[in-house]
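# Structure at a glance
One letter stands for each residue in the lines below.
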Amino acid sequence: MRLDHIGIAVRSIEAALNTYQRQLGLTVTEIVDIEEQRVRVAVLPCGESRIELLEPTAPDSPVQKFLDRRGEGVHHLCFGVQNIEKKLRELQAGSLQLVEPSGRGLGDRKIAFLHPKSAHGVLIELVETGSNEETSP
Ligand code: ZN
């Protein structure tokens, strides 16, 4: 597994870019809406992984609920795995709880989330990167 990205919940991507792009010097490569998760995502590559700024696009967005409860901050860590079905079967044999439903993330990649209660308070996302990680977005 490798760290694919870190998701950061923000109230406004525009405001957050002032920090991450203009001050820290990262570069935004794309900003996309993921309707299924009611979130807008700004992608800022950083070394082998990237930062994703997450702005809610609807009041019932999971990211909006996170902001209401905890304010802005680190929302989840995402690990890339070669075969997500296989990894989930392995994990379900252990103590990690899956958050339903799984779906599709950025670049239409298969994703799944593991409940923070079963992972020391951190929401963990898994993304299927396939066997050749060079071709994944
Ligand atoms: Zn993510």
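Scroll up to find the structure this text is about.
Residues numbered from 1 in each chain as written. Predicted model: local features only at pLDDT ≥ 70, side-chain atom pairs only at ≥ 80, totals over all residues. Heavy atoms only, no water.

## Quick look at the state of the cysteines
Scanning all chains against the criterion turns up 0 disulfides. Here Cys46 is not disulfide-linked; the sulfur of Cys78 is the nearest cysteine sulfur, at 15 Å. You can call Cys46 partly exposed: its relative accessible area is 38%. Its relative accessible area of 0% is what places Cys78 among the buried residues. (Disulfide = S-S within 2.5 Å. Buried < 20%, exposed > 50% of the residue type's maximum accessible area, 1.4 Å probe, protein only.)

## Here's the deal with the pattern of salt bridges
Under the counting rule described, the total for this entry stands at 12 salt bridges. Close ionic contact of Lys86 with Glu90 constitutes a salt bridge, the shortest N to O distance being 3.6 Å. On the criterion of helical spacing, the pair formed by Lys86 and Glu90 is a turn pair, its members being 4 residues apart in helix α3 (residues 84-92). Taking the relative accessible area as the measure of exposure, Lys86 reaches 46% and is therefore partly exposed. Glu90 gets classed as partly exposed once you look at its relative accessible area, which sits at 42%. Close ionic contact of Glu90 with Lys87 constitutes a salt bridge, the shortest N to O distance being 3.9 Å. You can see Glu90 and its partner Lys87 sitting in helix α3, 3 residues apart, about one turn around the helix. Connected through shared salt-bridge partners, Arg2, Asp4, Arg50, Glu52 and Arg109 make up one network. (Salt bridge = Lys/Arg side-chain N within 4 Å of Asp/Glu carboxyl O. Helix = DSSP H or I, 4+ residues; strand = E, 2+ residues; numbered from the N terminus.)

## Observations regarding unusual backbone geometry
Positive phi values are uncommon outside glycine, yet Arg38 reaches one of about 50°. Examined against the element boundaries, Arg38 turns out to sit in the loop between β2 (30-34) and β3 (39-46). Non-glycine residue His120 carries a positive phi angle of around 60°. Tracing the sequence through the fold places His120 in the loop between β7 (110-114) and β8 (123-128).

## Some thoughts on the coordination of the zinc ion
At the metal site, the zinc ion is ligated by His5 (NE2), His76 (NE2) and Glu125 (OE), and these contacts range over 1.9 to 2.1 Å. Site description for the zinc ion: donor spacing in sequence, H-x70-H-x48-E. Residue His5 is found in strand β1 (residues 2-9), and its partner His76 is found in strand β5 (residues 73-81); the two are separated by 71 residues along the sequence. Residue His5 shares its accessibility class with His76, and that shared class is buried. (Donors = N, O, S within 2.8 Å, 3.2 Å for Na, K, Ca; no water.)

## Let's talk about the pairing of strand β4 (residues 49-56)
A regular strand carries its side chains on alternate faces of the sheet. Of all 8 residues making up β4, 8 are buried, and the element is well covered by its neighbours. Across the two faces of β4 the burial is the same, with Ser49, Ile51, Leu53 and Glu55 and Arg50, Glu52, Leu54 and Pro56 all buried. Sheet analysis places β1 next to β4, joined by 5 bridges and oriented parallel. Opposite Ile8, over in β4, you have Leu53 as the bridge partner. If you look at the hairpin formed by β3 and β4, you'll find 2 residues sitting between the two strands, and Gly47 has a positive phi there, around 65°. (Pairing = 2+ DSSP bridges.)

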